[in-house]
Structures are given as structure tokens and as C-alpha cells.
Amino acid sequence: MKNKKKLIVISGPSGVGKGAIIKSLLNNVKTLGLAVSATTRPQRAGELDGNDYYFYSQANFDEAVKNGAFIEWCHVHGNRYGTLKAEIDRLNNLSKIGLVEIDTEGANKIKQSFPEALRIFIAPPTLAILEERLKKRKTESWEEIEKRVNHAKVELNEIEHYDYVIINDTILDSSKEIEKIIKKSFNL
Ligand code: 5GP
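Residues numbered from 1 in each chain as written. Predicted model: local features only at pLDDT ≥ 70, side-chain atom pairs only at ≥ 80, totals over all residues. Heavy atoms only, no water.

Caption draft 1: Structural view of the pattern of salt bridges. Across all of its chains, the model carries 16 salt bridges by this definition. Residue Glu140 is joined to Arg148 by a salt bridge in which the shortest nitrogen-to-oxygen separation is 3.6 Å. In the salt-bridge network here, residues are joined through shared partners; they are Arg41, Arg44, Glu47, Arg137, Glu140, Glu144, Lys147 and Arg148. (Salt bridge = Lys/Arg side-chain N within 4 Å of Asp/Glu carboxyl O.)

In C-alpha cells:
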């Protein structure tokens, strides 16, 4: 069954600045609400369970898959991540537009149940700049950074499946541009 709920899908390579852009969007567009994903990835310093992600053990994730708790789930960088149905319902009950931050594979899967979702891809100006940003973030090892830059190449091949592609030069400009797109698309 097709879903008529309002949904925004944001994708882009790890380190591109999605987190900062999404934070700005949530502050400036009050009808948006973040759908918090579940992941088996270890919690990073400063991250809060239930705020950044729901941090699941492998067993909890298996259980959630078995119970049909996910709209989609994927393997990304060796860990599992999934969009929880309950999160979208929670936001819809609050009359909010759900915003999900997911990888390109997950975005393609969501397209089947939410064909009318607004899909936005955030791209780095160049891959070299992306690598620099990942190094500065100091949250991943060299090996992880290499993995993420390689995965970025794969993700950049998927941009044709998105309604808009934003090149993130500065967080401020990108946030403003996306804000305009959202307001226009949902008549806010
Ligand atoms: P990070 O580990 O840096 O927080 O996220 C790694 C990647 O996982 C990001 O590219 C992000 O888009 C993706 N991701 C986060 N949540 C989900 C989800 O619920 N589903 C899918 N398919 N990907 C996700």
C-alpha cells in the first residue's frame, strides 16, 4: 500500500555535513521532526541513545528485523542501520513532516513505500574536500576514512534518483537552500 504521509529523505556521503545541515533545518522549520534510526554501530563520544540513534545490539537488531519494525534497513560501513516505522508514526501523530537521514540504498528502498517523499542529496564540492572534512572530524580511523571516501564514490553515482542535489560549500548556504526547497515543496 502506498503511504500518504509526508517524508523528507536526506542522503549524502559520511562527513559531507549532513548532521549540521539537518540541525539547522530542525531549528528553522518547526514542522520538521527527525526520525531517529536504529544502528548496531558503536556509540561515539557525545552521542545520546534515542537522540542521535537508538543503539541496538546485534540481537536487538535481529529481533526488530524479525518483528517488521523497519521501513528499510541496510548494511553501511560494516554496521546495520534501519528506519523505524514507530518513529515515522510518532512524528505523524505530532503532525510533523518526518525527516530521515539515510544512505542511498536505503533511500531507494524507501521510494517503494513512500514514492512521494522529497529526496535531497548533499554532495561535497570534491572528494578531496570530503576526505579533509573526515580527517578534521577525528571520529574515524584512517581505515574508516578510506572506507567512507570509497563509499562516497558509490553514493555519488546514485544522485539521479534524487529530486535535488545540493553541493555543500558552506553549511549556512546549503541549509538556506534546502529550507527554501522544503517550504516550496510542502507549501509551508
Ligand atoms: P554514521 O555512522 O556516520 O552516523 O552514519 C553512516 C551512514 O549511515 C550515513 O551515511 C547515513 O546516511 C546512514 N544511515 C543512518 N541511518 C540510516 C538508516 O536508518 N537507514 C539507512 N539505510 N542508512 C542510514
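Caption draft 2: Molecular detail of the site of the ligand. Close to the ligand lie 18 residues, the nearest being Ser37, Arg41, Tyr53, Tyr81 and Glu101. The contact in question runs from a nitrogen atom of the ligand to an N or O atom on the side chain of Glu72, over 2.7 Å. Within the side chain of Asp103, a nitrogen or oxygen atom sits 2.7 Å from a nitrogen atom of the ligand. Going through the elements one at a time, strand 5 (70–76) and strand 6 (79–84) are the ones with two or more residues in the shell around the ligand. Along the lines of polarity and charge, the residues of the shell around the ligand split into five nonpolar, six polar and seven charged. (Near = heavy atom within 4 Å. Polar contact = N/O pair within 3.5 Å; in protein donor to acceptor, adjacent residues only side chain to side chain. Helix = DSSP H or I, 4+ residues; strand = E, 2+ residues; numbered from the N terminus. Nonpolar A, V, L, I, M, F, W, Y, C, P; charged D, E, K, R; others polar.)

Caption draft 3: Inspection of the packing of aromatic side chains at higher detail. Within this structure, the stated rule accounts for six aromatic pairs. Here Tyr56 and Phe61 contribute two aromatic rings whose centre-to-centre distance is 6.3 Å and whose plane-to-plane angle is 70°, an arrangement assigned as edge-to-face. Since its relative accessible area comes to 0%, Phe61 is described here as buried. By way of ring pairs, the aromatic residues Tyr56, Phe61, Phe70 and Trp73 are connected into one cluster. Above the plane of the ring of Trp73 lies Arg80, whose end atom (NZ or CZ) is 5.8 Å from the centre. (Phe/Tyr/Trp six-rings, centres within 6.5 Å; stacked < 30°, edge-to-face > 60°. Buried < 20%, exposed > 50% of the residue type's maximum accessible area, 1.4 Å probe, protein only. Lys NZ or Arg CZ within 6 Å of the ring centre and 35° of its normal.)

Caption draft 4: Broad picture of the sheet that holds strand 3 (residues 38–39). Taken together, four strands build an open sheet; the order of strands is 4-3-6-5 and the sheet is mixed. Looking at strand neighbours, the two that pair on one side only are strand 4 (54–55) and strand 5, the edges of this open sheet. (Pairing = 2+ DSSP bridges.)

Caption draft 5: Focus on the nonpolar core. By size, the foremost hydrophobic cluster in this structure holds 23 residues, and its most contacted members are Ile8, Ile10, Leu25, Leu32, Ile120, Ile178 and Ile182. Within the residue set of this core, elements represented by two or more residues are strand 1 (7–11), helix 1 (18–28), strand 7 (97–101), strand 8 (118–123), helix 5 (127–137), helix 6 (142–156) and helix 7 (171–185). By size, the runner-up hydrophobic cluster in this structure holds 14 residues, among which are Ile88, Leu91, Val100 and Ala123. (Core = buried A, V, L, I, M, F, W, Y, C linked by side-chain atoms within 4.5 Å.)

Caption draft 6: Expanded view of the sheet that holds strand 7. Strand order in the open sheet made by the five strands is 2-7-1-8-9, with parallel pairing throughout. Looking at strand neighbours, the two that pair on one side only are strand 2 (32–34) and strand 9 (164–167), the edges of this open sheet. Strand-to-strand twist across the sheet, computed as the mean angle between neighbouring axes with direction ignored, equals 25°. Judged from the four bridges that link them, strand 1 and strand 8 form a sheet pairing that is parallel. Pairing of Ile10 across the sheet is with Ile120, part of strand 8. Taken strand by strand, helix 3 (residues 85–93) contacts strand 1, strand 2 and strand 7, and its axis lies near 155° from that of strand 2. Contacting strand 1, strand 2, strand 8 and strand 9, helix 7 runs over the sheet at an angle of about 160° to strand 9. (Axes fitted to C-alpha atoms, helices over the stretch in contact; angles between N-to-C directions. Contact = heavy atoms within 4.5 Å.)

Caption draft 7: Summary view of a nonpolar patch on the surface. A cluster of nonpolar side chains, namely Ile159, Val165 and Ile167, defines an oily patch on the protein surface of about 210 Å² accessible area. Looking at the secondary structure, you find Ile159 in the loop between helix 6 and strand 9. (Patch = residues over 30% accessible without salt bridge, like charges linked within 9 Å, V, L, I, M, F, W, Y side chains within 5 Å. Areas by Shrake-Rupley, 256 points an atom, 1.4 Å probe, with all protein chains shown as cover.)

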